[in-house]
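# Chains, contacts and geometry: an overview
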Amino acid sequence: MIDKFKDAFKEEASELLSNLEDQLLALEQDPGNQEIISAIFRAMHTIKGSAAMFGFDEISRFTHQVENAFDKLRNGLIPVSKHLIDITLQARDIISTLLTEPSADLQKEMLGLEQEFNLLANGENQEKPKQENIAELQAEKKTEGEVPAEPFPDEHNKKITTYRIHFEPKPDLFKNGTNPLPLIDELYGLGQLSIIALKSKIPPLSELDPESCYIAWDMTLTTPEGIDAIRDVFIFVEDLARIDIVPLQTADAISTQPSGEEVKRLGEILVDRGVASPDTIEHIEHEKRKIGELLIEKNIASPEDVQSALVEQEHLKQLKERQEVSTSTIRVPSERLDSLVDLVGELVTLQARLARTAASIQDGGLTVISEQFERLVSQLRDTTMGIRMLPIGTTFNRFRRLVRDLSAELGKEIDLVTDGEETELDKTVIEKLTDPLVHIIRNSVDHGIEVPEERERRGKKRRGTISLSALHSGAYVLIRVSDDGAGMNRERIYAKAVEKGLIAESMPLSSLSDQEIFQLVFAPGFSTATNVTSVSGRGVGMDVVKRQIDSLGGSVIVESSPGTGTNITLKIPLTLAIIDGLLVRVGDELYVIPLSVVDGCVEIKREDLLLQQKSRSILTYRQRVLPYVALRDLFAIPGSLPEIEQIVVVNAMDSPIGFVVDQVIGDYQTVIKPLGLLFKKNDGISGATILGDGTVALIVDVNRLASLAQQREARKTQTV
């Protein structure tokens, strides 16, 4: 049982750490925002308490130091500083590492950061600790007998239990030098603690004795340590305070409650505490008003009694929410989701087979069943694909830290602005987008945005801006990375391309369009940087971008103006699993063209086509010139030509091109199957699908085919 809760803690802590990074970067931009400061404190407090509960004692102890600093921060005792943000981000990385690798040896780094947090919390000089100071700290830890925390020795047999604790010191507690706050702090180390101070006995200032204790505490603690561990905390104040410890329920009892069943109601908690009788609560519930207000109104319970019961109720509620599968959101391992998509894909293939069988048998009843089955499969497909769709904002957020760290390393001042974070993409596509976006943003930071002094000389704002946006465009998502930097230098790119032999010296710069020049930066090993740095200059980044986007069936468009900036747009398909396709035939071979890129179909007689091909492969389509290429020629397919051929017009690389085929069969729900290693080098083919009769149809990569057609036409022109 404990392992299940540990996994739940790791997931929750990972989410909190992911949000924490965003909150820290937001705080750096808005240092006075108390809401963000409180959110960071709550995140650290939750991680600390939960980590202690599940045996991650190193994380709990380390997080406690960060929490202390932010407690001082929210109370206005220390200011927000860049140094505080820096070390908290480093602490966040260490906690994240310890979550995934509990045995990682990070003692040196943790001790160094602990000292820095202590210096900040004490308002001392904010220098980085020297190595000898870290060594001293390590020596102190060893002399104190402290050893790295181990998991609970018998954790599988320990039950996580929730306790209600009432701690009411006697007025003369302070007179023997006892401070109750460290006791409460020790309880925090045992697990998840909710606490409320009871202050009703504090007298007016004129009657207050500064040496007397007037405050009591009601606490709710969830811990695997047991009641004896709690009693040990109060062992030295047993005669100086009233201490009540009452077990409420175990985690097992909570997890076995029906999902719709609520935690204890306020009235039930007050009855348990002896504040009100069951009859009183039952009578008041009939009045249809908030029970707490009525109890206070009738002097049955004090405001503190009600507030304390509400804190306990909220604690139990949060505990139950962590341990039950919510009806609104469910955590599912991605492997199960991938398996579901594969099964839906098989179902789509089976549906196509059923439709084909129904058409051949021509049985009315079977046809009706086939049509109903097709509708259901279509709905199931859309629902399943919808489950795989994730907002791209989860990817965007991680780049804030990247831009912050790189700009500091390069001595630049850069803001990252994002838009369209709610735009959804298939999770597989999002996973493959991270590397290309990292390389593009690194290039924007290093090559695009100028240093502040240079920007001021050019009349620009001192701080540069990188914009990252996403929007839907049909069956695609357009992701745009823009910067207001120096822009791309056509002459410099051209000179480097000639030097590397990418273009012939005989080809003048004036004969190349901007897009042709800018596409050269995606060539393997291409870089205009004069020096190789830790950020860029090796000529591998943009090559990775091009290859990765091509593998997704997308395209890259570059726009740039000298002195103004650069826009790089990635056009990415929404999904890579199941698509709508157009099934076509060439000879005896079947191909699928993604329906999302199809603009239209045109019939043309063979003699007209042959007449067109005597000059160049161009015809007029909707009052514009349309280049075309025959798939039969590209794939060297034998066989006789039909009298009437068809041209499928597609948008490839943001320009129209026609593919000549023998026959357009119709639309087809296509389950994309990857090609084996044997077919990896087949240009123009991105995958395959299985038809209803078991025949394999190849999926056309329209962008690659268009590129091959352009190269072929260029060779033909040079020959002429």
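As a starting point, this report considers the structure included with it. (Residues numbered from 1 in each chain as written. Predicted model: local features only at pLDDT ≥ 70, side-chain atom pairs only at ≥ 80, totals over all residues. Heavy atoms only, no water.)

### Brief notes about the pairing of strand β11 (residues 565–573)
Here β11 lies mainly inside the structure; eight of its nine residues are buried. Direction of pairing for strand β9 (residues 476–483) relative to β11: antiparallel, over a ladder of eight bridges. By the bridge assignment for β11, L478 is matched with K571. As judged from the seven bridges shared by strand β10 (residues 555–561) and β11, these two strands associate in the antiparallel manner. Across the sheet, the residue bridging to I557 is T569, located in β11. (Buried < 20%, exposed > 50% of the residue type's maximum accessible area, 1.4 Å probe, protein only. Helix = DSSP H or I, 4+ residues; strand = E, 2+ residues; numbered from the N terminus. Pairing = 2+ DSSP bridges.)

### Quick word on unusual backbone geometry
With the exception of glycine, the majority of residues adopt a negative phi angle, and the majority of peptide bonds are in the trans configuration. Here the phi dihedral of N299 falls at roughly 60°; this positive angle occurs in a residue that is not glycine. Note on placement: N299 falls in the loop between α12 (291–297) and α13 (303–323). Using a relative accessible area of 69% as the deciding quantity, one classes N299 as exposed. For A636, which is not a glycine, the phi torsion comes out positive at approximately 50°. Topologically, A636 is positioned in the loop between α23 (631–634) and β17 (644–652). With relative accessibility at 62%, the residue A636 sits in the exposed group.

### Things to note about the sheet that holds strand β12 (residues 578–586)
Read from one edge of the open sheet, five strands run β19-β12-β13-β21-β20, paired in mixed fashion. Looking along the sheet, the strands with just one partner apiece sit at the ends: β19 (663–671) and β20 (685–690). Pairs of neighbouring strands in the sheet enclose a mean axial angle of 35°, with direction left out of account. Pairing analysis gives two bridges linking strand β13 (residues 589–594) to strand β21 (residues 696–700), with the strands arranged parallel. By the bridge assignment, Y591 is partnered in β21 with L698. (Axes fitted to C-alpha atoms, helices over the stretch in contact; angles between N-to-C directions.)

### Observations regarding helix α14 (residues 334–361)
Between its terminal C-alpha atoms α14 stretches 41 Å, which fits the 40 Å expected from 28 residues at 1.5 Å a residue. Among the residues of α14, those classed as buried are L337, V341, V344, G345, V348, T349, Q351, A352 and A358. With its phi angle positive at about 60°, Q362 sits one or two positions after the end of α14. (Expected span 1.5 Å × (residues − 1).)

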